[in-house]
Amino acid sequence: MTSLPGPVHAAAAVGVDLTPEIIRLEEISRLYVTGPTEVRALDRVSLAIPRGAFIALMGPSGSGKSTLLNVLGCLDSPTAGRYLLDGEAVNGLSEQRLADIRQRKIGFIFQSYHLVPRMSAARNVELPLILAGVEPAERRRRVAEALAATGLGTRASHRPDQLSGGERQRVAIARAVVTRPSLLLADEPTGNLDSHTGDEIVALLQSLHRAGLTIVMVTHDPRVAAKAERLLTMRDGRLESGPEAA
Amino acid sequence: MRASDVATLAVESLAGHRLRTLLSGAAVGIGVAAVLLLAGLGDAAKRYVVDRFAAMGANLATISPGKTETSGMAAMGVVGAERDLTLEDSEAIRRRVPGLSATVPMSLGSGAFRHGERRRDVYVVGVTAEYAAMRELKMRRGVFLPPGDERAGGSLVVVGPKLAREVFGAEDPIGRMVRIAERRFRVIGVLESKGQALGFDYDEMAIIPVATGLQMFDQASLHHVIIQVSDPEAMPAAIERVKAVLVDRHRGEDFTIITQRAMLDSFRAILDALTAAVAGIAAISVAVAGIGIMNVMLIAVSERIAEVGLLKALGARPRQVTVLFLTEALILSALGAAGGIAVGVAALALGARLWPDFPLAPSAAWILVVVVLALVSGGIFGLMPARRASRLPPVEALQGRR
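Keep in mind the model is a prediction, meaning the values are calculated, not measured. (Residues numbered from 1 in each chain as written. Chains lettered and ligands numbered in written order. Predicted model: local features only at pLDDT ≥ 70, side-chain atom pairs only at ≥ 80, totals over all residues.)

Draft legend 1. Region of the structure containing the overall build of chain A. Within chain A, the regular secondary structure consists of eight helices and ten strands. The buried share among the 246 residues of chain A stands at 50%. Residue pairs at least 24 apart in sequence account for 70% of intrachain contacts in chain A once pairs closer than 6 positions are excluded. (Helix = DSSP H or I, 4+ residues; strand = E, 2+ residues; numbered from the N terminus. Buried ≥ 20, exposed ≤ 12 C-beta atoms within 10 Å, placed from the backbone. Contact = placed C-beta atoms within 7 Å.)

Draft legend 2. Representation of the interface of chain A and chain B. Between chain A and chain B, the contact holds 20 residues from the first and 21 residues from the second. Those elements that place two or more of their residues in the side of chain A that touches chain B are helix 3 (95–105) and helix 4 (121–131) of chain A. A breakdown of the residues in the side of chain A that touches chain B according to their chemical character gives ten nonpolar, five polar and five charged. (Nonpolar A, V, L, I, M, F, W, Y, C, P; charged D, E, K, R; others polar.)

Draft legend 3. Seen up close, the packing of helix 9 (residues 260–303) of chain B against helix 11 (residues 318–354) of chain B. Residue and element names in this part refer to chain B. Running from N to C, helix 9 and helix 11 point in directions that differ by 140°, and their axes come no closer than 10 Å. Of the possible angle classes, the one that applies to helix 9 and helix 11 is oblique. Between helix 9 and helix 11 lies a crossing whose hand is right-handed. Taking contact as the criterion, the partners of Ala 289, Ile 293, Met 297 and Val 301 in helix 9 are, on helix 11, Phe 325, Glu 328, Ala 329, Leu 332, Ser 333 and Gly 336. Here the contact of helix 9 with helix 11 is composed, by residue class, of seven nonpolar, two polar and one charged. (Axes fitted to C-alpha atoms, helices over the stretch in contact; angles between N-to-C directions. Parallel < 35°, antiparallel > 145°, perpendicular 65-115°, else oblique. Left-handed = near helix turned anticlockwise from the far one by under 90°.)

Draft legend 4. Just the sheet that holds strand 1 (residues 21–34) of chain A, in detail. Residues and elements named next belong to chain A. If you walk across this open sheet you meet the four strands as 2-1-4-5, and the pairing is antiparallel. Both edges of this open sheet fall to strand 2 (37–50) and strand 5 (88–89), since each of them pairs with a single strand only. Contacts between helix 2 (residues 65–72) and the sheet are confined to strand 1, strand 2 and strand 4 (80–85), with strand 2 contributing the most and set at about 60° to the helix. (Pairing = 2+ DSSP bridges.)

Draft legend 5. Just the nonpolar core, in detail. Counting 128 residues, the largest nonpolar core has Ile55(A), Leu57(A) and Val35(B) as the members making the most contacts within it. Top contributing element to this core by residue count: helix 11 of chain B, with twelve residues. Other than its neighbours up to four places away in sequence, Ile55(A) contacts Ile49(A), Ile215(A), Val216(A), Met217(A), Ala228(A), Glu229(A), Arg230(A) and Leu232(A). Judged by nonpolar contacts, the second largest core, of 49 residues, contains Phe113(B), Phe185(B), Val190(B) and Leu246(B). (Core = buried A, V, L, I, M, F, W, Y, C linked by C-beta atoms within 7 Å.)

Draft legend 6. Highlighting the sheet that holds strand 10 (residues 238–240) of chain A. Residues and elements named next belong to chain A. Strand order in the open sheet made by the six strands is 6-7-8-3-9-10, with mixed pairing throughout. The open sheet has two edge strands with one neighbour each: strand 6 (106–110) and strand 10. Averaged over all pairs of adjacent strands, the angle between strand axes in this sheet comes to 25°, irrespective of strand direction. Where strand 7 (residues 183–187) meets strand 8 (residues 214–218), five bridges bridge the pair, whose relative direction is parallel. Within the sheet, the bridge partner assigned to Leu 185 lies in strand 8 and is Val 216. Against the sheet, helix 2 makes contact with strand 3 (54–58), strand 7, strand 8 and strand 9 (230–235), and its axis sits at roughly 150° relative to strand 8, the strand it touches most. Across the sheet, helix 7 (residues 195–210) lies against strand 3, strand 7 and strand 8, angled at about 150° from strand 8, the strand it touches most.

Draft legend 7. Representation of helix 4 (residues 87–96) of chain B. Residues and elements named next belong to chain B. By the burial criterion, the buried members of helix 4 are Leu 87, Asp 89, Ser 90 and Ile 93. Taken down its axis, helix 4 places every buried residue within 160° of arc, on the same side. Exposed side chains of helix 4 directed beyond 90 degrees from the buried face belong to Glu 88 and Arg 95. For helix 4, the secondary structure elements touched by its buried residues are strand 2 (100–115), helix 7 (210–216), strand 11 (224–229) and helix 8 (235–250). (Arc of directions from axis to C-beta.)

Here is the structure:
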């Protein structure tokens, strides 16, 4: 895999690659204006991510890595630049179109799991399928499949407060992949877990990656980052070239 | 998103906050129950009054001399040529109008009723034998006026129970001679108490043959003629026939016909307006309960900001978020309405059991009104919080910020 030579030229570098890229950012900026102060959370970031990559995104707090993840996930819109997801220009789309793209193409995992507390594990996993209007029979089949794939087959009827942290994150992963997205975005997925449980979660992500899923994972933990295929580091809203992961 | 899934999700989240759901549903329920109870009471009062009036004499119409509602040139023509309404007119109506079960000519006067030292001023009503059956008068003692030629008269009197008590005391009035307006009468009967109705106090009346009444008060015209039909449907036709007969005899329409039904209709209209006003006031409480729903939904939205963020991350469109929260508000008000209907109907049933004479019953129309009202107010007041949720920016919402 080619290493990324620099933030501005990275896109061009990968662009000549024959691998069809899933993500292409061109000069993306995200500006926050709060009163008189102006924060440049993303500063002309260019990046290309090939299909099937597993990328760890590191950087100090406030470096813009979460903002980058939110932009990649179409949760946040860049103030400047161009974003192509699966070859489709995403910036400037209506909220409804962005919602549809998130539904079809993107799965999210969060540090705090974001499970709905009143719903069982199975119901939580079912939620994105309900929003997508999938038939109940088909939903049951896919939920069972996703729970089995994340090793939660026997915990389907438990509510989040009856599950351990690791189990909750597995439910969240099952929910993220049940829609068969092409891109999985993980925001500190091991941040609330002990290292052993964290390793299990990363192992699960690795196996999903081997099965063909593209993953971008924000993390603070160099040990976790090392499990990814490639490492990107951010500082002050810019991408720095990172050491290539093992 | 499938409609059944939307409903299930809404119910799940309402079930997650049982106490809050119960309280805000109860606010709607109390309003709905109040509307049903007040409307039920109003409707029952109307039925009660109407039934009472109908009991006074079903299927009746009165014909009075003189045109009270004059209009147009034709009416102008008969002014000054107004004829008396006579016993012969009454007789003609009886003979020539089919379908009448009774025709009673009535005179009215007042005078001193004296027996020995006692004296009392009374209304003196002149009628015929048919009057007792028509007004459903019952006899306490003795008999009513005997049937026979209504032009014959006679010096017989039937007295109301109160009049009998005041004048005769413990004495038996039957067969006693009395003086009414200086004319001698023999008491042949005492009425059972019936109470006041339409301004007529039967309990204090003296009832004599109509011909005698006209003669002793020197009246040329009857006060009015009452006709009764056996079938209420026959009333309009009977009235037309009566008109034809009298116009034929009087060469003009110099009389007025009033049906009992017309009077009942105006009573109904008044009571309907009263019911609507009272129930309308109660309906305001349903609308106020809608504000309670808005409050609850605003709390629900602010508690579930992160959940809204999650829904958006999972690909929920803004519209879907609106629909989810609005459905919650609607189900909340529907639950409240259902509870209120149950309470209202049960209370009316209980009232009907406690007061069997008072016709308390829930009305389907009012139930429909309150259901629509509850849903509309739930929808209107639920929309604002739902839209607020749908507009939350996903990134901030996921972090629990708005």
